[in-house]
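Chains, contacts and geometry: an overview
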Amino acid sequence: MVVRPAWKYSLRAVALGYLALLLLAPVVFIFIKTFEHGFSTAWDYVTTPAAISAFWLSVLIAAIAVPLNTIFGVGTAMVLVRSKTRGRKILDALIDIPFVVSPVIIGLSLILVYGLHGWFGSWFIDRGIPIIFNPLGMILATVFVSLPFCVREVAPVLMEVGTEQEQAAATLGASSGQTFWRITLPSIRNGVAYGVVLTTARALGEIGAVAVVSSNVLGSTVSLPLLVKYRTQVPGPGGVSAAYATGTELAVMSLIVLVAMTLLAPQRKDAR
Amino acid sequence: MRIDAEAINKRFGEDFVALDDVTLAVPEGSLTALLGPSGSGKSTLLRIMAGLETPDSGVIKIAGNDVTRARPQERGIGFVFQHYAAFAHMTVRDNVAFGLKIRKRPKADVRAKVDELLDLVGLTQWGGQRPHQLSGGQRQRMALARALAIEPRVLLLDEPFGALDANVRAELRRWLRRLHDEQHVTTVLVTHDQEEAMEVSDTIAVMNKGRIEQVGSPQEVYDAPATDFVMSFLGPISTVAGKLVRPHDISLSHTPAGGDVRATVKRVVHLGFEVRIELAMDDGKTARVQLTRAQTAELGLSEGQEVYVHPPASKVIGRADEHQEAVLAASDDDTLSEAVA
């Protein structure tokens, strides 16, 4: 198809303008709002005791959910791509549940299972491990909602890489463990890295499922997204402006992970 | 080390019989080609020898030891894949060194061995490059060096030159033959290219539909094919008076002799030294004849001329089974049909 230059450039302008309006503008606006009263004001908002507690809770949630879902994700992707068992199809469908079910419902279902009157709730409570309305429940909820990202990023890469390199490694004497660490993992690392970025972004940003199982007590069960929501409802200087600062804090955290992963797994042209 | 495949059976799914009771002995120090069309089971047989596939029944022995249930790691084999299976994230050096590092050889030994192999395959300059920076021929030489690094007892090559350009392929064939003459590693080469098999190997096992049709030296399988399939797969064929013959074994004359068949010259194609003649036989079939330029000049052949065809004795000494339908249909011959019935 021949497209006249005038058309080509106006199409690009429309596409970019649309994205800018929809995606870039709100994010930039938050940055501007965060620093409109200077850097130190913003810094004060993110260093209140409640904000520091929320920061560490969010870091804790991500620090548990991301490695767990990465290990699970790579393992499950291997099963989905490599195994020929009949359970594979069921597994494939199950993995997408967190994508298709509303996070609020996921939170509610956790209450049903682990709550005071839930199936296993009293068993855990009797042993001094309360889950619902505690950080543990928030971690569980986050693991649940961010579960599919890594699987869905790694599986297609694994498919494309194929099994020939692994077979070659086997004929050269490598055990299956050695083959995994030296051949499989390095060849899918771009997929894993991107999966980690997406999982982290979701783990840090998740609010729906987490809100349901949180007791919403500042300083103990309020993560950064919950703090943003809380602050937007508070009138005065500690309110919306503080929420902007927390929002920027979240964005910066996700950005750091994105940059770190890009450095760890640089894009290569030689996928094969 | 010698390799023995004994009564190997392998099915894929319910219907597809990849290998049907295949028995083959690969003598120590030989370079044996498994030659056949795609789907003939040649790659499956090789992969079963390597342990990359498991046979449904049968036994694989390397150096007389039963390795049927042994994993590829334990067989002491070198395997080369059609599409190189280069480790994309490693340098050429690290690719070649892989097997040695797995075996935890001292670093100095690994370095010396890799240097030696890179020199052998002519990639010394390329040690620090990644595989994607190499040409196809270079990548396959790297894969060969990688397989040879662990000093395998047997070398198994799965269509190693199949993905390469014709001239690179010819060069690598000669190189492989030279390598084999120097190293004497028992080698099995899978190929669908009869010229490649004839040029490189000292023994050819011709495979068709999961069975071995014939095993012999290149001359034996070419000059004394056991079945019509072997005859037709190893070179061009013509059907004259109901017999399968090689086009270059046919002679033509202007005067009839006993057993000669009359035909009309349809086309004369000059291809340098060789001249190909298309004949319309009296029975309505077309036959191809290959003559030298001198022979053609002597006969003074021109299109539309009548000639007498003198076929040699048929070279097929055995009979193919029912899976020879294609050849039989093409020849449409009484004696062959009787043989099948």
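Residues numbered from 1 in each chain as written. Chains lettered and ligands numbered in written order. Predicted model: local features only at pLDDT ≥ 70, side-chain atom pairs only at ≥ 80, totals over all residues. Heavy atoms only, no water.

**A word on the sheet that holds strand β7 (residues 154–158) of chain B**
All names here are of chain B. To keep things clear, this is the line we draw: Two strands are said to pair when DSSP picks up at least two bridges between them. Every helix listed is a DSSP run of H or I at least four residues long, and every strand listed is a run of E at least two residues long, numbered separately from the N terminus. A fitted line through C-alpha atoms serves as each axis, taken over the contacting stretch for helices, and the angle formed by two N-to-C directions is quoted from 0 to 180°.
Spatially, β6-β7-β8-β3-β9-β10 is the arrangement adopted by the 6 strands of the open sheet, whose pairing is mixed. Both outer strands of the open sheet, β6 (77–80) and β10 (211–216), are each paired with one neighbouring strand and no more. This sheet shows a mean twist of 15 degrees between the axes of neighbouring strands, independent of strand direction. Sheet topology note: the β7/strand β8 (residues 186–191) ladder contains 5 bridges and is parallel. Bridge pairing in β8 places V154 opposite T186.

**Brief notes about the packing of helix α9 (residues 148–161) of chain A against helix α12 (residues 189–205) of chain A**
All names here are of chain A. Just so we agree on the cut-off: Note on angle classes: values under 35 degrees are labelled roughly parallel, values over 145 roughly antiparallel, values of 65 to 115 roughly perpendicular, and the remainder oblique. For a crossing to be left-handed, the near helix must be turned anticlockwise from the far one by less than a right angle; the clockwise case is right-handed. Should any heavy atoms of two residues lie within 4.5 Å, those residues are counted as being in contact. All amino acids are sorted into three groups, where Ala, Val, Leu, Ile, Met, Phe, Trp, Tyr, Cys and Pro are nonpolar, Asp, Glu, Lys and Arg are charged, and the leftover types, Gly among them, are polar.
One can describe the packing of α9 onto α12 by two numbers: an axis separation of 8 Å at closest approach and a directional angle of 165 degrees. It follows that α9 is roughly antiparallel to α12 by the angle criterion. Pair α9 / α12 crosses with right-handed handedness. In this structure, α9 uses F149, C150, E153, V154 and V157 to contact α12, whose residues at the interface are G191, V192, Y194, G195, L198, T199 and R202. Taken together, the residues of the contact of α9 with α12 break down into 7 nonpolar, 3 polar and 2 charged.

**Some words on the pattern of salt bridges**
Stated precisely, the cut-off is as follows: Any Lys or Arg side-chain nitrogen located within 4 Å of an Asp or Glu carboxyl oxygen qualifies as a salt bridge. Type-normalised accessible area, obtained with a 1.4 Å probe on protein chains alone, sets the label of each residue: buried when under 20%, exposed when over 50%, and partly exposed for intermediate values.
With the rule as written, the count across this model stands at 26 salt bridges over all chains. Two residues, D92(A) and R152(A), come together in a salt bridge whose shortest N-O distance is 3.0 Å. Of this pair, D92(A) sits in helix α4 (residues 87–95) while R152(A) is found in helix α9, placing the two residues 60 residues apart along the sequence. You can call D92(A) partly exposed: its relative accessible area is 34%. Across the pair K113(B) and E151(B) runs a salt bridge, and its minimum N-O distance is 2.8 Å. Of this pair, K113(B) sits in helix α3 (residues 107–120) while E151(B) sits in the loop between α4 (136–149) and β7, and the two are 38 residues apart along the sequence. Note on E151(B): relative accessible area 57%, which makes it exposed. When salt bridges with common partners are traced through the structure, they connect R173(B), D193(B), E195(B), E196(B) and E199(B) into a single cluster.

**Side note on the confidence of the model for chain A**
Applicable threshold: For every residue, the predictor reports its confidence as pLDDT, a number between 0 and 100.
For chain A, the average pLDDT comes to 88, and 96% of its residues sit at 70 or higher. Taken element by element, the predicted model of chain A shows its lowest mean pLDDT in helix α7 (residues 121–126) of chain A (81) and its highest in helix α10 (residues 164–171) of chain A (94).

**As for the domain arrangement of chain A**
The following threshold applies: The split of the chain into domains comes from an automatic or database domain assignment.
On domain assignment, one finds that chain A holds domain 1 (1–36) and domain 2 (44–271). The centre of domain 1 of chain A, based on its C-alpha atoms, is set 30 Å off from the matching centre of domain 2 of chain A.

**A few points about the interface of chain B and chain A**
Rule in force here: Buried area, as used here, totals the accessible surface that two parts lose on assembly, with accessibility defined by a 1.4 Å probe and the loss added over both. In protein, a polar contact means a hydrogen-donor-capable atom and an acceptor-capable atom, both N or O and within 3.5 Å, with residues adjacent in sequence counting only if both atoms are side-chain atoms; elsewhere, any N or O pair within 3.5 Å suffices.
Listed per partner, the contact involves 25 residues of chain B and 21 residues of chain A. For the chain B and chain A pair, buried surface summed over both sides reaches about 2,000 Å², with 62% attributable to carbon and sulfur atoms. Taken as a group, Q73(B), H89(B) and I102(B) account for 27% of the area that chain B buries against chain A, more than any other trio of residues on that side. Here chain B and chain A share 0 salt bridges between them. Between chain B and chain A we count 4 residue pairs in polar contact (both at pLDDT 80 or more) in total.

**With respect to the pairing of strand β17 (residues 306–310) of chain B**
Consecutive residues of a regular strand have side chains that alternate between opposite faces of the sheet. Residues and elements named next belong to chain B. Here 3 bridges tie strand β13 (residues 251–253) to β17, and the two strands are oriented antiparallel to one another. Residue pairing across strands places S253 opposite Y308, the latter belonging to β17. Where strand β14 (residues 261–271) and β17 come together, 4 bridges link them in antiparallel fashion. Its bridge partner being in β17, V261 is matched across the sheet by V309.

**Let's talk about the layout of surface pockets**
The cut-off we apply is this: We place a 1 Å grid over just the protein atoms. Points where a 1.4 Å probe fits but has no way out form a cavity, open points with protein on both sides within 12 Å along at least 5 of 7 lines form a pocket, and any residue with an atom within 4 Å of a point lines it. Grid points are joined across faces, edges and corners, and a volume is the space filled by probe spheres set on the points.
Quantified by volume, the largest pocket comes out at close to 570 Å³. Considering the residues around the largest pocket, the lining is formed by 22 residues, among which R82(A), T163(A), E166(A), Q167(A) and L52(B) are closest to the centre. Going through the elements one at a time, α3 (49–82), α9, α10 and α11 (176–187) of chain A are the ones with two or more residues in the lining of the largest pocket. When residues in the lining of the largest pocket are grouped by element, the largest group, 4 residues, is from α11(A). Broken down by class, the residue content of the lining of the largest pocket amounts to 9 nonpolar, 8 polar and 5 charged. Space inside the second largest pocket adds up to approximately 300 Å³. The set of elements that each furnish at least two residues to the lining of the second largest pocket consists of α2 (39–46), α3 and α15 (240–264) of chain A. Element by element, the count of residues in the lining of the second largest pocket is highest for α15(A), at 6 residues.

**Brief notes about the sheet that holds strand β2 (residues 16–26) of chain B**
All names here are of chain B. Strand order across the open sheet formed by 4 strands is β2-β1-β4-β5, with antiparallel pairing between neighbours. Either end of the sheet is taken by a strand with one partner, and the two such strands are β2 and β5 (65–66). Of the strand pairs in this sheet, strand β1 (residues 3–12) and β2 are connected by 7 bridges, and their pairing is antiparallel. Paired with R11 across the two strands is V17, which belongs to β2.

**Looking at the packing of aromatic side chains**
Worth spelling out the cut-off: Here a Phe, Tyr or Trp ring, Trp counted by its six-membered ring, pairs with any other such ring whose centre lies within 6.5 Å, and the pair is stacked when the planes are under 30 degrees apart, edge-to-face when over 60, and tilted otherwise.
One pass over the full model with this rule turns up 11 aromatic pairs over all chains. Relative to W56(A), the ring of F55(A) lies with its centre 5.0 Å away and its plane at 75 degrees, an arrangement referred to as edge-to-face. Residue F55(A) is classed as partly exposed on the basis of its relative accessible area, which comes to 24%. Where F79(B) meets F81(B), the ring centres are 4.7 Å apart and the plane angle is 50 degrees; that geometry is what we call tilted.

**Some remarks on helix α1 (residues 42–50) of chain B**
Residue and element names in this part refer to chain B. Judged by how many residues are buried, α1 sits mostly within the fold: 8 of 9 residues are covered. Three or more residues of α1 are buried, namely K42, T44, L45, L46, R47, I48, M49 and A50. At the exit of α1 stands G51, carrying a positive phi of roughly 90 degrees.

**Comments concerning the confidence of the model for chain B**
Residue and element names in this part refer to chain B. Within chain B, residue pLDDT values average 86, and 91% of them lie at 70 or more. Under a pLDDT of 50 for its full length, residues 318–341 has, in the predicted model, 34 contacts with residues more than four places off or in other chains. ipTM for the predicted complex: 0.80, alongside a pTM of 0.79.

**Section: unusual backbone geometry**
In this structure, N216(A) is a non-glycine residue whose phi angle is positive, near 55 degrees. Secondary-structure assignment places N216(A) in the loop between α13 (208–213) and α14 (224–232). Taking relative accessible area as the criterion, N216(A) reaches 47% and is therefore assigned partly exposed. Notably, A7(B) is not glycine yet its phi reads approximately 50 degrees, a positive angle.

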